[in-house]
Amino acid sequence: MSEERDWSALPSELLHLIAQELLDLIDFIRLRAVCSAWRSSVPLSDPPHQFPWLLELFDRGSFSSLRRKQRFYSVCSAQTLMIPLTKRKLKLQNFVHRGVYSGYLPFAGDDDSGSNLLFFNPLTNDHFSLPSTDGGLDTPWMVWTGSDPVRNRTIVVDDQNLVWTSELGRWAFYDRSIRKWVEHSGYYDHCCCYWQGMFFFTCIHKDTEVFDVQSRELLCKIPPPKTESIQDWLDRDGIARRVAQTYLVVSSGVILRVIWFRGVWEKMSVEESVFHIYRLDFERAEDKSCWDPISDIGDQILFLGETNGFSMTAKPSIGFKKGCIYFIDPNKNKPYMHDVLAGTVERLPSPFEECAWFLPGL
């Protein structure tokens, strides 16, 4: 007769190693639910390294929305997850479909408190509201302020009306340490990143403006690469393309400018897209040649949304391929993968008609 094992007596060190190898936070939560001994050995504050899920979007005509029983798809484990959005008065029609999401889903307008922005975590039901800014800034974006895209993040908002009229817009970021918005007047069109105490802002064909976060002083302007400054670019394959979007992404401690070129003709497919990648040599930021072209991103993986994105280091058996860019086509909200070395683009399998990247966090 085999001896019965007391699984609750597994060493804490072993449980920690097992937990860190789990592909999905859902499995991490299930592990903690086994017994009190496992729960105490695997704290919520130390979840496994996560990779993004696909968040299902629902077309509501002129905008995208969510549902009470919200579906997510894990690329790593090929599982479709149904997670109820249990905050009773959450206004799903106010969901802000913008870019890539980390931990929290943004909503324009709180339920009762009257604040402008509400952020809700579908895994923990945690939520927080941010007060209105003096300028009425109401379009939130996640900006990553460290190497961990779940723990190191802040929120930037912009005055969308001013941007659309091509006037001087304003941007602001929320400083949790002082619980206040830090605002700045200056042209801003969503594409931004944070690096070593500075914010970098740019848009298609424009200079990158570099601001000191604390003083809000404009430090310098960095011209775009030559390929981006041309309206229609004739690429090496002889196909005329134009810039669809420009991204600023911090990857392995450096800033990358990722330029997405799509075919000029509407009938050209997303698979015929081309990406050019440049690395910022900030020591030569005053020189026009400070964006250096690169042909390989090594073991990094870039995840791009509508206008923002982040980088992660590849791990074995995660369902994502190193040296690739995973992006969402904003026209139809479909996921694609670009292999940087091979130069190819392919559609990713997804159970959803429309989707966005969501990085789960506790």
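Just so you know, these numbers come straight off a predicted model, no measurement behind them.

How each quantity is defined
Residues numbered from 1 in each chain as written. Predicted model: local features only at pLDDT ≥ 70, side-chain atom pairs only at ≥ 80, totals over all residues. Heavy atoms only, no water. Helix = DSSP H or I, 4+ residues; strand = E, 2+ residues; numbered from the N terminus. Buried < 20%, exposed > 50% of the residue type's maximum accessible area, 1.4 Å probe, protein only. Areas by Shrake-Rupley, 256 points an atom, 1.4 Å probe, with all protein chains shown as cover. Pairing = 2+ DSSP bridges. Axes fitted to C-alpha atoms, helices over the stretch in contact; angles between N-to-C directions. Salt bridge = Lys/Arg side-chain N within 4 Å of Asp/Glu carboxyl O. UniProt positions renumbered as here; feature names shortened; annotations may be inferred. Polar contact = N/O pair within 3.5 Å; in protein donor to acceptor, adjacent residues only side chain to side chain. Contact = heavy atoms within 4.5 Å. Core = buried A, V, L, I, M, F, W, Y, C linked by side-chain atoms within 4.5 Å. pLDDT = per-residue confidence, 0-100.

(A) Here's a closer look at the overall build of the chain. Scanning the chain from N- to C-terminus turns up five helices and 28 strands. Put simply, the chain has 362 residues, and 53% of those count as buried. Of the accessible surface of the chain, which amounts to about 17400 Å², a share of 49% is contributed by carbon and sulfur atoms.

(B) Quick peek at the sheet that holds strand β15 (residues 198–202). Sheet architecture is open: four strands sit in the order β14-β15-β16-β17, paired in antiparallel fashion. Two strands lie at the open edges of the sheet, namely β14 (191–195) and β17 (218–222), each paired on one side alone. Averaged over all pairs of adjacent strands, the angle between their axes in this sheet comes to 20°, without regard to strand direction. Note: β15 against strand β16 (residues 208–212), four bridges, orientation antiparallel. Its bridge partner lying in β16, Met198 is registered against Asp212.

(C) Spatial organisation of the pairing of strand β28 (residues 355–359). The buried fraction of β28 is high, at five of five residues. Of the two faces of β28, both are covered, the one formed by Cys355, Trp357 and Leu359 as well as the one formed by Ala356 and Phe358. Pairing of strand β1 (residues 53–56) with β28 involves four bridges; the strand directions are antiparallel. Paired with Leu54 across the two strands is Trp357, which belongs to β28. Relative to β28, strand β6 (residues 101–102) is paired through two bridges, and the arrangement is parallel. What sits directly across from Ser102, in β28, is Leu359.

(D) Seen up close, the pattern of salt bridges. Enumeration according to the criterion identifies six salt bridges in this entry. A salt bridge links Arg30 to Asp27, with the nearest nitrogen and oxygen atoms 3.1 Å apart. Of the two residues, Arg30 and Asp27 are both situated in helix α2 (residues 25–32); the distance of three residues between them amounts to about one turn of the helix. Asp27 sits in the partly exposed class, given a relative accessible area of 23%.

(E) Structural context of the UniProt feature "domain: F-box" (unreviewed entry) in the chain. Within this numbering scheme, the UniProt entry marks residues 7–40 as carrying the feature "domain: F-box" (unreviewed entry). Here residues 7–40 runs as 65% helix and 0% strand, with 14 Å between its end C-alpha atoms.

(F) Representation of the side chain of Glu56. With respect to the helices and strands, Glu56 occurs in strand β1. Taking the relative accessible area as the measure of exposure, Glu56 reaches 8% and is therefore buried. At a separation of 2.8 Å, a polar atom in the side chain of Glu56 contacts the side chain of Arg71. Every residue in contact with Glu56, bar those within four places of it in the chain, is listed here: Ser65, Leu66, Gln70, Arg71, Phe352 and Glu354.

(G) Just the nonpolar core, in detail. Counting 29 residues, the largest nonpolar core has Trp53, Leu55, Leu66, Phe95, Leu105 and Phe107 as its most contacted members. Those elements that place two or more of their residues in this core are α1 (12–20), α2, β1, β5 (79–84), β7 (105–108), β8 (117–120) and β28. It is α2 that provides the largest number of residues to this core, a total of four residues. Grouped together as the second largest cluster of nonpolar side chains are 21 residues, Leu54, Tyr73, Phe320 and Phe352 included.

(H) Representation of the confidence of the model for the chain. Per-residue confidence for the chain gives a mean pLDDT of 79; residues scoring 70 or more make up 73%. Ignoring residues within four places in sequence, the model shows residues 160–169, a span with pLDDT below 50, making 14 contacts including any to other chains.

(I) Just the side chain of Asp329, in detail. Relative to the assigned elements, Asp329 resides in strand β25 (residues 324–329). With relative accessibility at 3%, the residue Asp329 sits in the buried group. Of the polar contacts made by the side chain of Asp329, one reaches the side chain of Arg262; its length is 3.0 Å. Setting aside residues up to four positions removed in sequence, Asp329 forms contacts with Trp260, Arg262, Val270, Lys334 and Tyr336.

(J) Up close: the sheet that holds β5. The strand order β5-β4-β1-β28-β6 describes an open sheet built from five strands, whose pairing is mixed. Here the strands that pair on one side only, and so sit at the sheet edges, are β5 and β6. Two strands pair when backbone bridges link them, and β1 and strand β4 (residues 69–74) are joined in this way by three bridges, in the antiparallel orientation. Paired with Trp53 across the strands is Ser74, a residue of β4. Contacts between α2 and the sheet are confined to β1 and β5, with β5 contributing the most and set at about 65° to the helix.

(K) Representation of the environment of Leu22. As for its position among the elements, Leu22 is in the loop between α1 and α2. Between the C-alpha atoms of Leu22 and Gln50, which are 28 residues apart in sequence, the distance is 8.6 Å. Other than its neighbours up to four places away in sequence, Leu22 contacts Asp27, Phe28, Leu31, Pro48 and Gln50.

(L) A look at unusual backbone geometry. Unusually for a residue other than glycine, Gln196 sits at a positive phi of about 50°. Looking at the secondary structure, you find Gln196 in the loop between β14 and β15. For Gln196, a relative accessible area of 59% gives the class exposed. Positive phi, close to 55°, is recorded for Asn333, a residue that is not glycine. Taking the relative accessible area as the measure of exposure, Asn333 reaches 7% and is therefore buried.

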